[in-house]
Amino acid sequence: MGGVSALPPVPPPRAEAAPDAPAAPDAPAAPAPGGARRSLAAALLLGSAGSTAVLLASGRIWAEGRAEVGGGTVALEATGSDVTGVPSALAVVALAALVALFAVRRGGRLLVSALLALSGAGTVAAALLGSSDRAALDEAAARTTGDAAAAVHGLTHTAWPHAAAAGGLLILLAGVLALRFGARWPAMSGRYERDGTPRRRPAPAAVDPDRPEDLWKALDRGEDPTREA
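Just so you know, these numbers come straight off a predicted model, no measurement behind them. (Residues numbered from 1 in each chain as written. Predicted model: local features only at pLDDT ≥ 70, side-chain atom pairs only at ≥ 80, totals over all residues. Heavy atoms only, no water.)

**Focus on the pairing of strand E2 (residues 72-79)**
Right, so step 1: Taken together, the eight bridges between strand E1 (residues 61-69) and E2 define a ladder with antiparallel strand orientation. The residue of E2 that forms the bridge with Arg 66 is Ala 75. (Pairing = 2+ DSSP bridges. Helix = DSSP H or I, 4+ residues; strand = E, 2+ residues; numbered from the N terminus.)

Take a look at the structure:
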């Protein structure tokens, strides 16, 4: 019999490499705290500067003219407050809204931001309407001449109404920033809120019945000094 040759060993099957798992999508980047601080600073600067400009412009002369009295003329002037009190009132509202932004959160902050933006828009509209108003000087002419039908002559308007409108535009921009980025801003009340964990009350101090001062201190704390611990 011929010799039987040994078969070569069969190599084990190679394990197929597992397909690469799909890469996890990148998590959205958290908003940079620096950007929140910059938007907060910009809103505060715009809102405060705009409100100051409106209050300053409202006290200046918006319109000038003349009234005829006894064959002569009298110079008349009307300040922004004489023409309309809306811009100055809305500027005060805007300042209050800037402070309130730090005292509220979430939905409340959204409402205050909208109020800030509306205050700016209303200031712009009222100032532009007052830039061509003549009713205030007509009333001044009627008071000066004693004639209810008297009218002002040579009516001119200054640039202060437009300065008030520019201040209202700054307030509006501050409101838009608050609406866009206000959710990232810190709140003043957050430092003083409790974290929600229950706080343990300190155990009442032991009262020595032989010491009257301990009895009085226990009564001041609202404790019963006769109750045994």
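**Things to note about the nonpolar core**
Right, so step 1: The biggest cluster of nonpolar side chains holds 16 residues, and the ones touching the most others in it are Leu 101, Leu 116, Ile 171 and Trp 185.
Right, so step 2: Elements with a minimum of two residues in this core: helix H1 (33-58), helix H3 (86-100), helix H4 (106-130) and helix H6 (160-181).
Right, so step 3: With residues up to four places along the chain from it excluded, the contact list for Ile 171 reads Leu 46, Gly 47, Gly 50, Ser 51, Val 54, Ala 91, Ala 94, Leu 116, Ser 119 and Gly 120.
Right, so step 4: Counting residues in each nonpolar core, the second largest holds 15 residues, with Ala 63, Ala 67, Ala 136 and Leu 137 among its members. (Core = buried A, V, L, I, M, F, W, Y, C linked by side-chain atoms within 4.5 Å. Buried < 20%, exposed > 50% of the residue type's maximum accessible area, 1.4 Å probe, protein only. Contact = heavy atoms within 4.5 Å.)

**Some points on the side chain of Ser 119**
Right, so step 1: By the secondary structure assignment, Ser 119 is in helix H4.
Right, so step 2: Those residues in contact with Ser 119, other than ones at most four positions away along the chain, are Leu 90, Val 93, Ala 94 and Ile 171.

**A short note on the sheet that holds strand E3 (residues 153-157)**
Right, so step 1: Taken together, the three strands give an open sheet; going across it, the order is E2-E1-E3, and neighbouring strands pair in antiparallel fashion. At either end of the open sheet lies a strand with only one pairing partner, and these are E2 and E3. Shown here is a sheet whose adjacent strand axes are inclined to one another by a mean of 15°, direction ignored. (Axes fitted to C-alpha atoms, helices over the stretch in contact; angles between N-to-C directions.)

**A word on H6**
Right, so step 1: In a regular helix each residue adds 1.5 Å, so 22 residues correspond to 32 Å; H6 covers 32 Å between its end C-alpha atoms and thus fits that length.
Right, so step 2: Every buried residue of H6 is accounted for by Pro 161, Ala 164, Ala 165, Gly 167, Gly 168, Ile 171, Ala 174, Gly 175 and Ala 178. (Expected span 1.5 Å × (residues − 1).)

**Re H4**
Right, so step 1: Between its first and last C-alpha, H4 extends 36 Å over 25 residues, near the 36 Å set by a 1.5 Å rise per residue.
Right, so step 2: All buried positions along H4 are accounted for by Arg 109, Val 112, Ser 113, Leu 116, Ala 117, Ser 119, Gly 120, Thr 123, Ala 126, Ala 127 and Gly 130.

**Quick word on the side chain of Thr 123**
Right, so step 1: By the element assignment, Thr 123 lies in helix H4.
Right, so step 2: For Thr 123, a relative accessible area of 0% translates into the label buried.
Right, so step 3: If near-sequence neighbours (up to four positions away) are discounted, Thr 123 is found in contact with Val 54, Pro 87, Leu 90, Ala 164 and Gly 168.

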